[in-house]
Amino acid sequence: MIELIPAIDIIGGQCVRLKKGDYADKTVYATDPAAVAKELELQGFHRLHVVDLDGAKSRHIVNTSVLRSITETTSLVVDFGGGIKSDTDIEEAFRCGASMVTVGSVAVTSPTLFAHWLHEYGSDRIILGADVRDGKVSINGWKEDSSESLLPFLRYYVEQGVTHVLCTDISRDGMLSGPSVELYAEVMQAYPSLHLIASGGVSSNEDIEQLQRCGIPAVVFGKAYYEGRIDVQKLRTALTEDNNQPT
């Protein structure tokens with residue numbers, strides 16, 4: 001069954017969502033991210049994606065106290081991203097309880113450092129963040145577009161040993177317009193062994209069911225959950241039934 005990963009994005013210690021990564025277009029959903037994380041755990045989720053949006057903008061991690069609060073309050077497997085640019089940042093993220101970290105910008109700007117982290121911490125703890133806009137990988141809180149095209153970028157790091165990739169279609173993030181199924185299917189066709197985490201645009205149970213039918217291993221969602229568009233119990237039932245269908 002597709003892995004379900006709710007997301008908590010943090011600005012100023014609050015749980016928020018942006019539209020297309022625009023910091024000026026922000027909705028606050030909760031003032032206590034740790035309480036949100038606890039509720040997600042009570043609903044049966046085992047994994048959580050936490051994004052330090054302040055960190056992504058500042059180019060160093062900021063909301064470590066929120067991360068620590070979440071990991072001390074719950075037993076969720078937390079992957080943490082946003083602003084991880086140095087050894088100090090990544091060490092602090094793990095020290096505050098993150099089980100995994102998502103790193104994107106460094107993979108573009110400092111491939112040697114990313115490769116060092118990959119080999120230092122292991123491919124099971126380092127997630128390659130590949131945030132895409134118009135076919136190019138974006139960096140630094142989605143404020144800059146690099147010259148890296150997605151598939152060659154992924155090819156390089158798969159050859160380096162990357163096994164986990166979080167791919168976000170920026171144009172759909174926070175828009176509730178449906179995920180870029182074709183994009184994720186293209187990635188999986190090229191690299192079928194990847195544990196690909198689809199992100200951006202999920203608006204309903206049906207979107208997630210479609211991703212599962214296309215063989216996408218995992219999905220991140222946030223706004224659709226916070227706005228009541230995802231019925232968790234019905235979703236799990238539908239995914240289980242679909243997973244048990246003969247092939």
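Our structure is the block above this text.
The rules we used
- Residues numbered from 1 in each chain as written.
- Predicted model: local features only at pLDDT ≥ 70, side-chain atom pairs only at ≥ 80, totals over all residues.
- Heavy atoms only, no water.
- Helix = DSSP H or I, 4+ residues; strand = E, 2+ residues; numbered from the N terminus.
- Rg over C-alpha atoms; globule rule 2.2 N^0.38 Å.
- Buried < 20%, exposed > 50% of the residue type's maximum accessible area, 1.4 Å probe, protein only.
- Contact = heavy atoms within 4.5 Å.
- Areas by Shrake-Rupley, 256 points an atom, 1.4 Å probe, with all protein chains shown as cover.
- Lys, Arg positive; Asp, Glu negative; His and termini not counted.
- Charge placed at Lys NZ, Arg CZ, Asp CG, Glu CD.
- Core = buried A, V, L, I, M, F, W, Y, C linked by side-chain atoms within 4.5 Å.
- Phe/Tyr/Trp six-rings, centres within 6.5 Å; stacked < 30°, edge-to-face > 60°.
- Arc of directions from axis to C-beta.

Student: How do you make sense of the overall build of the protein chain when you look at a structure like this?
Tutor: The helix and strand tally for the protein chain stands at eleven helices and twelve strands. For the protein chain, whose C-alpha radius of gyration is 17 Å, the value lies close to the compact-globule estimate of 18 Å for 247 residues. Based on the C-alpha atoms only, the size of the protein chain along its principal axes is roughly 45 × 40 × 35 Å. Residues classed as buried in the protein chain amount to 56% of the 247 residues present. Taking all contacts inside the protein chain whose residues are at least 6 apart in sequence as the whole, residues at least 24 apart take part in 66%. For the protein chain, the computed accessible surface area is about 10400 Å², with 46% contributed by carbon and sulfur atoms. Within the protein chain, one finds 22 positive and 34 negative side-chain charges whose respective centroids are separated by 4 Å.

Student: It is not clear to me how the nonpolar core should be interpreted in this structure. Could you clarify?
Tutor: Nonpolar side chains tend toward joint burial in soluble globular proteins. Among the nonpolar cores identified, the biggest contains 70 residues, and Ile8 and Ile208 are the most heavily contacted of them. The leading source of residues in this core is helix 8 (residues 181-190), at five residues. Setting aside residues no more than four positions away along its own chain, Ile208 makes contact with Ile2, Leu4, Val202, Val219, Phe221, Ile230, Leu235 and Leu239. Core analysis: the second largest hydrophobic core is formed by eight residues, Ile5, Met100, Ile127 and Leu166 among them.

Student: Would you mind showing me how to read the packing of aromatic side chains here?
Tutor: Think of a pair of aromatic rings as described by two things: how far the centres are apart, and how the planes are tilted against each other in angle. What the rule picks out here adds up to eight aromatic pairs. With 4.9 Å between their ring centres and 45° between their planes, Phe94 and Tyr121 make a pair best called tilted. With Phe94 in helix 4 (residues 87-95) and Tyr121 in helix 6 (residues 111-121), this residue pair connects regions lying 27 residues apart in the sequence. What makes Phe94 buried here is its relative accessible area of 14%. Considering the side-chain rings of Tyr156 and Tyr157, the 4.8 Å spacing of their centres and the 85° angle between planes classify their relative orientation as edge-to-face.

Student: Can you help me understand helix 3 (residues 64-73) in this one?
Tutor: For the α-helix, the turn length of 3.6 residues means that residues three or four positions removed from each other point alike. Within helix 3, burial applies to Thr64, Val66, Leu67, Ile70 and Thr71. Mapping the buried residues of helix 3 onto a view down its axis gives an arc of 160°, with all of them on the same face. Facing away from the buried side of helix 3, by more than 90 degrees, are the exposed residues Ser65 and Glu72. Contact partners of the buried residues in helix 3: strand 1 (3-11), helix 1 (33-42), strand 4 (47-52), strand 5 (77-81) and helix 4.

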